[in-house]
Amino acid sequence: MNQTSRDGFTSSFGVLVATLGSAVGLGNIWKFPSLTGANGGAGFLLVYLLATLLVGLPVMIVETMLGRAARANAVSAFDRVAPRRQWWWKSIGWMGFAAALLILAFYSEVAGWVYAYVFKAMAGQIATTDRQVAGAVFAELVANPLSSLLWQWVVLAVTGSIIMFGVARGIEAVTRRLMPLLFILLLVLCARSLTLPGASAGLSFLFSPDLAKITPAVVLTALGLAFFKLSIGMGCMLTYGSYFRDNQNIPLTATRVMFADLSVSLLAGMAIFPAVFAFGFEPAAGPSLVFMTIPAVFTAMPGGTLFMTLFFILTAIASVGAMLSLLEVPVAILSERFGLGRKRASLTTIAAVAALGVPAALSSSLTSDLKVLAMNPFDLFDFLSSNVLLPLGGIMVCLFVGWVYGLPEMARQLSNDGALRNQRLVSVVFLLVRFVAPLSIAAVLLHGLKLF
Ligand code: PHE
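The following paragraphs examine the structure supplied in this document. (Residues numbered from 1 in each chain as written. Predicted model: local features only at pLDDT ≥ 70, side-chain atom pairs only at ≥ 80, totals over all residues. Heavy atoms only, no water.)

Let's talk about the site of the ligand
Move 1: Surveying the vicinity of the ligand reveals 15 residues, the closest of which are A23, G27, Y107, F228 and K229.
Move 2: L26 places a main-chain nitrogen or oxygen 3.3 Å from an oxygen atom of the ligand.
Move 3: The contact in question runs from an oxygen atom of the ligand to an N or O atom on the backbone of G27, over 2.9 Å.
Move 4: Contact with the protein chains hides 100% of the accessible area of the ligand, taken as 330 Å² for the molecule alone.
Move 5: Using a 2 Å cut-off from the grid points, one finds that the ligand occupies the largest cavity.
Move 6: Those elements that place two or more of their residues in the shell around the ligand are α1 (12–23), α2 (26–38), α10 (216–229) and α14 (304–337).
Move 7: The residue makeup of the shell around the ligand, split by class, is 8 nonpolar, 6 polar and 1 charged. (Near = heavy atom within 4 Å. Polar contact = N/O pair within 3.5 Å; in protein donor to acceptor, adjacent residues only side chain to side chain. Areas by Shrake-Rupley, 256 points an atom, 1.4 Å probe, with all protein chains shown as cover. 1 Å grid on protein atoms, 1.4 Å probe; cavity = no way out; pocket = protein on both sides within 12 Å on 5 of 7 lines; lining within 4 Å. Sits in = over half its atoms within 2 Å of the grid points. Helix = DSSP H or I, 4+ residues; strand = E, 2+ residues; numbered from the N terminus. Nonpolar A, V, L, I, M, F, W, Y, C, P; charged D, E, K, R; others polar.)

Re empty space enclosed by the protein
Move 1: For the structure shown, the criterion picks out 2 cavities of 30 Å³ or more.
Move 2: Here the largest cavity defines a volume of roughly 120 Å³.
Move 3: Together, 15 residues line the largest cavity, and S22, F228, S231, A322 and L326 are the ones closest to its centre.
Move 4: Every element with two or more residues in the lining of the largest cavity is listed here: α1, α2, α5 (90–122), α10 and α14.
Move 5: For the lining of the largest cavity, the element with the highest residue contribution is α14, accounting for 3 residues.
Move 6: Partitioning the lining of the largest cavity into residue classes produces 9 nonpolar, 5 polar and 1 charged.
Move 7: Here the second largest cavity is characterised by a volume of approximately 40 Å³.
Move 8: Lining the second largest cavity are I29, L182, L185, L186, F311, L314 and T315.
Move 9: For the lining of the second largest cavity, the elements supplying multiple residues, two or more each, are α8 (166–194) and α14.
Move 10: In terms of residue class, the lining of the second largest cavity is made up of 6 nonpolar, 1 polar and no charged. (Points joined across faces, edges and corners; volume = space filled by probe spheres on them.)

Considering the nonpolar core
Move 1: Formed by 164 residues in total, the largest nonpolar core has its most connected members in L66, F312 and M410.
Move 2: Take this core: its biggest share by element is 21 residues, from α5.
Move 3: In contact with F312, not counting residues within four places along its chain, are V114, Y117, V118, A121, I126, F291, I294 and P295. (Core = buried A, V, L, I, M, F, W, Y, C linked by side-chain atoms within 4.5 Å. Buried < 20%, exposed > 50% of the residue type's maximum accessible area, 1.4 Å probe, protein only. Contact = heavy atoms within 4.5 Å.)

Considerations on a nonpolar patch on the surface
Move 1: Taken together, the side chains of L50, L53, L54, F259, L399, W403, L431, F435, V436 and L439 present a nonpolar region at the surface, about 950 Å² in accessible area.
Move 2: Mapped by element, the contributors of at least two residues to the nonpolar patch are α3 (42–70), α16 (377–405) and α18 (423–448).
Move 3: One can find V436 in helix α18.
Move 4: Overall, the relative accessible area of 37% leaves V436 in the partly exposed class. (Patch = residues over 30% accessible without salt bridge, like charges linked within 9 Å, V, L, I, M, F, W, Y side chains within 5 Å. Salt bridge = Lys/Arg side-chain N within 4 Å of Asp/Glu carboxyl O.)

Let's talk about the packing of helix α15 (residues 342–361) against α16
Describing two packed helices takes the angle between their axes plus the distance from one axis to the other.
Move 1: At their nearest, the axes of α15 and α16 sit 7 Å apart, and the two run at 120 degrees to each other. If you check the angle between α15 and α16, you find them oblique. Contacts between α15 and α16 involve L356, P359 and A360 on the former and, on the latter, P377, F378 and F381.
Move 2: In terms of residue class, the contact of α15 with α16 is made up of 6 nonpolar, no polar and no charged. (Axes fitted to C-alpha atoms, helices over the stretch in contact; angles between N-to-C directions. Parallel < 35°, antiparallel > 145°, perpendicular 65-115°, else oblique.)

What about the environment of D7?
Move 1: In this fold, D7 is placed in the segment before α1.
Move 2: Among all residues touching D7, those that are not within four sequence positions of it are G166, V167, A168 and Y243.
Move 3: Within the structure, the side chain of D7 is placed 2.6 Å from the backbone nitrogen of V167, a separation counted as a polar contact.

Overview of the packing of helix α17 (residues 407–414) against α18
Move 1: α18 packs onto α17 with a crossing angle of 130 degrees between their chain directions and a minimal axis gap of 10 Å. The angle between the axes of α17 and α18 places the two elements in the oblique class. With respect to the hand of their crossing, α17 and α18 are arranged in right-handed fashion. Taking contact as the criterion, the partners of L407, M410, A411 and L414 in α17 are, on α18, V426, S427, V429 and F430.
Move 2: The residue makeup of the contact of α17 with α18, split by class, is 7 nonpolar, 1 polar and no charged. (Left-handed = near helix turned anticlockwise from the far one by under 90°.)

Regarding the layout of surface pockets
Move 1: In this structure, the largest pocket occupies an estimated 450 Å³ of space.
Move 2: Lining the largest pocket are 21 residues, with L35, T221, D379, D382 and N387 sitting closest to its centre.
Move 3: Mapped onto the lining of the largest pocket, the elements with two or more residues apiece are α2, α10 and α16.
Move 4: Here the lining of the largest pocket gets 6 residues from one element, more than from any other, and that element is α16.
Move 5: Of the residues that constitute the lining of the largest pocket, the class distribution is 10 nonpolar, 8 polar and 3 charged.

Describing the pattern of salt bridges
Move 1: The full count for this structure, using the stated rule, is 11 salt bridges.
Move 2: One salt bridge in this structure joins E336 and R6, with 2.9 Å as the shortest N-O distance. On the criterion of sequence distance, the pair formed by E336 in helix α14 and R6 in the segment before α1 is long-range, its members being 330 residues apart.
Move 3: Looking at E336, the relative accessible area reads 24%, which means it is partly exposed.
Move 4: For R6, a relative accessible area of 15% translates into the label buried.
Move 5: Across the salt bridge formed by R71 and D246, the nearest N and O atoms sit 2.7 Å from each other.

Dropping the structure here:
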């Protein structure tokens, strides 16, 4: 592999929007509100914040660093940075490969619902504040096997055709146009939701914690969400890091992305929960929450159809940035390790996701009774990736950096060879990844999975 001819991001802004594009996605607009709703609100949010700061951010920093140091895909990176080439570190990359496919299988389905809702919004089919009607529209969409599959394939066709163009001309070019729009629309939406009568019940649900609701399973879910949100623990940030520029300030970039991502989640929460309480929806409604409450928010405002349509278009857009980063993990591995051209690597990945996506897409129809660990394929893929593979990948990255890679090399990498004066910060991150993060992830994982 010739380093100078390797694709990569072309500017500091490009790095920021692409990385933010990976972090911000359905995780903020769909997963964050539904998990917060299902797990009791503010208490969950508190645990999520702790997990993000103490575990998520440090892991994001070191994962990105490994990528840039190695300038290679998630598997080959460990051939380059592991001093004695112990083979097992490479399993981090292979686990990431598997996690990317599992996540894509259900993520593309949710993105498919979003695409479908764009058209429903335009046609005025979801203009209702009645929760029965909203529920029935959603149920009808997901229970139809054919439309479920078709929407998923539309999503895969769109993202697949972008990823083929590579990192600078595909990922960067698309995310730099889309990310700014997303922020503007969320602000508009929030302003509307917060001025609904009864909005305060929603805000107190989101911001006043009830600590009794925090169980080990809830903590694991919050940790899994922190990993999912920041796209860490599965080689995605590592792969993106490998496209960072040499002078990129990694800790600063990661911190900015973390805060921006958090703001988007909070804005989405503030847009959704006031409406949930104002219109009498159930906060614990799960995956369908967003699809029922958002129409209600907009239906209640002038120009609702237009704003509702824009909202779903922008959510669809947000899903694109995240899916591109998920696709990039297997695409980079296939093209760099197996010598497939960019196009063939992309097509192979899309085909694999389409195959794995079938049982996920049919989870509310034909495969709803196909239960493993009491979960249908959709929920199982979500659980296995977020709550098992990502935390496990996170532990291994921490152990690798904390105990094998070591502080001197880490300080050299994160200071860009001494150009940045961030020694103290690096030492704190090192302590977090050497002790705090792996121990707490391990405890949460074992406890949350009821293994001890
Ligand atoms: N962070 C993305 C989101 O919130 C999902 C994602 C997970 C992307 C893992 C890449 C890797 O939607």
